Amino acid sequence: MNKKTLKDIDVKGKRVFCRVDFNVPMQDGQITDETRIRAAIPTIQYLVEQGAKVILASHFGRPKGQVVEEMRLTPVGVRLSEILGKEVKKADEAYGDSVKAIIDTMNEGDVLLLENVRFYPGEEKNDPQLAKAFAELADVYVNDAFGAAHRAHASTEGIAHNLPAVSGFLMEKELDVLGKALSNPERPFTAIIGGAKVKDKIGVIENLLELVDNLIIGGGLAYTFVKAQGHEVGKSLLEADKLDLANSFIEKAKQKGVNFLMPVDVVVADDFSADANKKVVSIEEIPADWEALDIGPKTREIYSDVIKNSKLVIWNGPMGVFEIDAFAGGTKAVAEALAESEGTYSVIGGGDSAAAVEKFNLADKMSHISTGGGASLEFMEGKALPGVVALNDK
Ligand SMILES: Nc1ncnc2c1ncn2[C@@H]1O[C@H](COP(=O)(O)OP(=O)(O)OP(=O)(O)O)[C@@H](O)[C@H]1O
Ligand SMILES: O=C(O)[C@H](O)COP(=O)(O)O
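All residue numbers here refer to positions counted from 1 along the written sequence of the relevant chain. Chains and ligands are labelled sequentially in the order written, the chains with letters from A and the ligands with numbers from 1. Reporting in this predicted model follows two pLDDT cut-offs: at least 70 for local features of residues, and 80 or more for side-chain atom pairs to be given and counted; totals over whole chains, interfaces and linings ignore these cut-offs and use all residues. Only heavy atoms go into the side-chain values, all of them from the structure, while hydrogens and water stay out.

**Some details on the overall build of the protein chain**
Stage number 1. Tallying secondary structure elements over the protein chain gives 14 helices and 17 strands in all.
Stage number 2. What you see for the protein chain is a C-alpha radius of gyration of 23 Å, in line with the 21 Å of a compact globule of 394 residues.
Stage number 3. The dimensions of the protein chain, computed from C-alpha atoms along their principal axes, are 70 × 45 × 35 Å.
Stage number 4. Partly exposed describes any residue whose relative accessible area lies between the buried limit of under 20% and the exposed limit of over 50%, with all areas from a 1.4 Å probe on protein chains only and scaled to the type maximum. Burial statistics for the protein chain: of 394 residues in total, 57% are counted as buried.
Stage number 5. Contacts between residues were defined by any pair of non-hydrogen atoms, one from each residue, lying within 4.5 Å. The contacts of the protein chain with a sequence gap of at least 6 include a subset with a gap of at least 24, amounting to 73%. Counting from the N terminus, the helices are the DSSP runs of H or I reaching at least four residues and the strands are the DSSP runs of E reaching at least two. Here the globule rule is a power law, 2.2 Å times the number of residues to the power 0.38, and the radius of gyration is based on C-alpha atoms.

So, in structure tokens, the structure goes:
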């Protein structure tokens, strides 16, 4: 990476504004997946050990520039304190005199968590005044929020223009792994693209077609491709205005010599529910009143073979409606193929694919699970991430 990192600067005794992505899934005030908190620990621990005064900032949810009580970061502070095994002070604001007063009392190695930065309208507008107000709290800026690096906001981008600005260890690792995968991939290189909508993945598919040997398509977005190839898809997810685009991708794959794999059989259901009637049919035989909610057994076998023969696999988006057990088999088969394939370096990007791998207890068998959903997608699209661009060059 050509950006300065934490290791390039001295933080002892300094007030460090460290942007993290603590936007964790939460239900009724309980954190349901703490992956993102744990992923930030190496940076936080290092800052503590180096004797910095650690000021953590994060967004949580989408409160749209106002205080939403349920979106306070208080539960995150409590959990962070348990994981770190030390006190984490929690501010009720993210800047201003009350926060400065707390910081004035901090000793070297102390940790303070600011309030949700999205409680202020200036955050998402990247308001220079708010960026300055954040910067006034600190001597140095560290960005470890890979998950939010695709957002040009006051705490991810604006602030970096006001302080010495470097990346944290999580940011560095994410950029290294994804960057190496895309710039110098081991081959055969396979991308698996699933999830719900073609429109969300257009840029990714376009960019990956330039790079991969195999492109595997699954999930709800597959049926736009299936329809584009002239098959009926019944009530399956369909983006009727993307049929030409889908065909242009298939055509481009041919021109580039990319092996483009689509489902050959599917699990169809007569309702989008756990107790729907379901059956396996070939891709030519989706009944008019049924919808395809998972890839079928033959498809799983074909996809698994390609995965096991790959040296590098990037996976974004589930193969079916994995949240319902009856339609989780295809996603599970892909996860298992990756887990069993020892010679394959597996990179999981996207919140839902990561959640699926967790659900099947296979997370520790994957080479790298990205903490970025949208950020990893934009990176794979070949887009520059504003939160990274703004950091100081080496
Ligand atoms: N055949 C299908 N029909 C309808 N929905 C589907 C189908 N296959 C997968 N899905 C749904 O797609 C959703 C995931 O799509 P999405 O594009 O958001 O994935 P992702 O990129 O991994 O996640 P994220 O956007 O959180 O990073 C899941 O909720 C899943 O149930
Ligand atoms: O969950 C994410 O992908 C990041 O935290 C960014 O959140 P956002 O999509 O609300 O900007």
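There is more to say, and it comes next.
**Things to note about empty space enclosed by the protein**
Stage number 1. Cavity means a closed set of points on a 1 Å grid over the protein atoms alone, one where a 1.4 Å probe fits but cannot get out, pocket means an open set with protein on both sides within 12 Å along at least 5 of 7 lines, and lining means a residue has an atom within 4 Å of a point. Grid points are joined across faces, edges and corners, and a volume is the space filled by probe spheres set on the points. Evaluation of the coordinates by the stated rule reveals 1 cavity of 30 Å³ or more.
Stage number 2. Within this model, the largest cavity holds a volume of roughly 40 Å³.
Stage number 3. Along its surface, the largest cavity is lined by V20, D21, R36, A40, D144, A145, F146, G147, L170 and T371.
Stage number 4. Three categories are distinguished: nonpolar for Ala, Val, Leu, Ile, Met, Phe, Trp, Tyr, Cys and Pro, charged for Asp, Glu, Lys and Arg, and polar for the others, with Gly belonging to the last. Split by residue class, the lining of the largest cavity holds 5 nonpolar, 2 polar and 3 charged.

**Quick look at the site of ligand 1**
Stage number 1. Neighbouring residues are identified by heavy atoms, a residue being near a molecule or strand if any of them is within 4 Å of it. By nearness alone, 20 residues border ligand 1, and A196, K201, G220, E323 and G351 come closest of all.
Stage number 2. Pairing of N or O atoms within 3.5 Å defines a polar contact, subject to two protein rules: one partner must be a possible hydrogen donor and the other a possible acceptor, and residues neighboring in sequence count only if both atoms are side-chain atoms. A196 places a polar main-chain atom, nitrogen or oxygen, 3.1 Å from an oxygen atom of ligand 1.
Stage number 3. Burial of ligand 1 by the surrounding chains reaches 80%, relative to a free accessible area of 650 Å².
Stage number 4. Each molecule is assigned to a cavity or pocket provided more than half of its atoms lie within 2 Å of the corresponding grid points. More than half of the atoms of ligand 1 fall within 2 Å of the grid points belonging to the second largest pocket.
Stage number 5. Among the secondary structure elements, those contributing two or more residues to the shell around ligand 1 are β14 (291-295) and α12 (351-359).
Stage number 6. Here the residues of the shell around ligand 1 sort into 7 nonpolar, 10 polar and 3 charged. A 1.4 Å probe and the Shrake-Rupley method give the accessible areas. Residues count as covered only by the protein chains that appear here.

**Quick look at the UniProt feature "modified residue: Phosphoserine" (unreviewed entry) in the protein chain**
Stage number 1. Summarizing the sequence annotation, UniProt attributes the feature "modified residue: Phosphoserine" (unreviewed entry) to S183 in the numbering used throughout.
Stage number 2. Classification of S183 as exposed rests on a relative accessible area of 60%. UniProt positions are given in the numbering used here, feature names are shortened, and annotations may be inferred rather than shown by experiment.

**Here's the deal with the packing of aromatic side chains**
Stage number 1. Any two rings among Phe, Tyr and Trp, with Trp reduced to its six-membered ring, count as a pair given centres within 6.5 Å; such a pair is stacked if its planes are under 30 degrees apart, edge-to-face if over 60, and tilted if neither. What the rule picks out here adds up to 7 aromatic pairs.
Stage number 2. Seen from their ring centres, F17 and Y141 are 6.1 Å apart, and the 40° between their planes marks the pair as tilted. You can see F17 sitting in strand β1 (residues 15-19) and its partner Y141 sitting in strand β7 (residues 140-143), a full 124 residues away along the chain.
Stage number 3. Looking at F17, the relative accessible area reads 0%, which means it is buried.
Stage number 4. Take Y141: its relative accessible area is 0%, and that puts it in the buried class.
Stage number 5. Considering the side-chain rings of F225 and F260, the 5.6 Å spacing of their centres and the 45° angle between planes classify their relative orientation as tilted. Taken together, the residues F225 in helix α8 (residues 222-228) and F260 in strand β11 (residues 259-261) connect sequence positions 35 residues apart.
Stage number 6. According to the relative accessible area criterion, F260 is buried, its value standing at 16%.
Stage number 7. Taken together through their ring pairs, the aromatic side chains of F17, Y95, Y120, F134 and Y141 make up a single cluster.
Stage number 8. The ring centre of W290 lies 4.5 Å from the NZ or CZ of K279, which sits over that ring. In this scheme, Lys NZ or Arg CZ marks a charge over a ring once it lies within 6 Å of the ring centre and within 35 degrees of the ring normal.

**Re the UniProt feature "binding site: substrate" (unreviewed entry) in the protein chain**
Stage number 1. UniProt annotation of "binding site: substrate" (unreviewed entry) refers to D21, F22, N23, R36, H59, F60, G61, R62, R118 and R151 when read in the numbering used here. Of the annotated positions mentioned, D21 and R36 line the largest cavity.
Stage number 2. Polar side-chain contacts of D21 include one of 2.9 Å to the backbone nitrogen of N23.
Stage number 3. Turning to its location among the elements, F22 is positioned in the loop between β1 and β2 (26-27).
Stage number 4. Looking at F22, the relative accessible area reads 0%, which means it is buried.
Stage number 5. Setting aside anything within four residues of it in sequence, one finds F22 in contact with R36, I37, A40, I44, L56, S58, H59, F60, L73, V76, L80 and L113.

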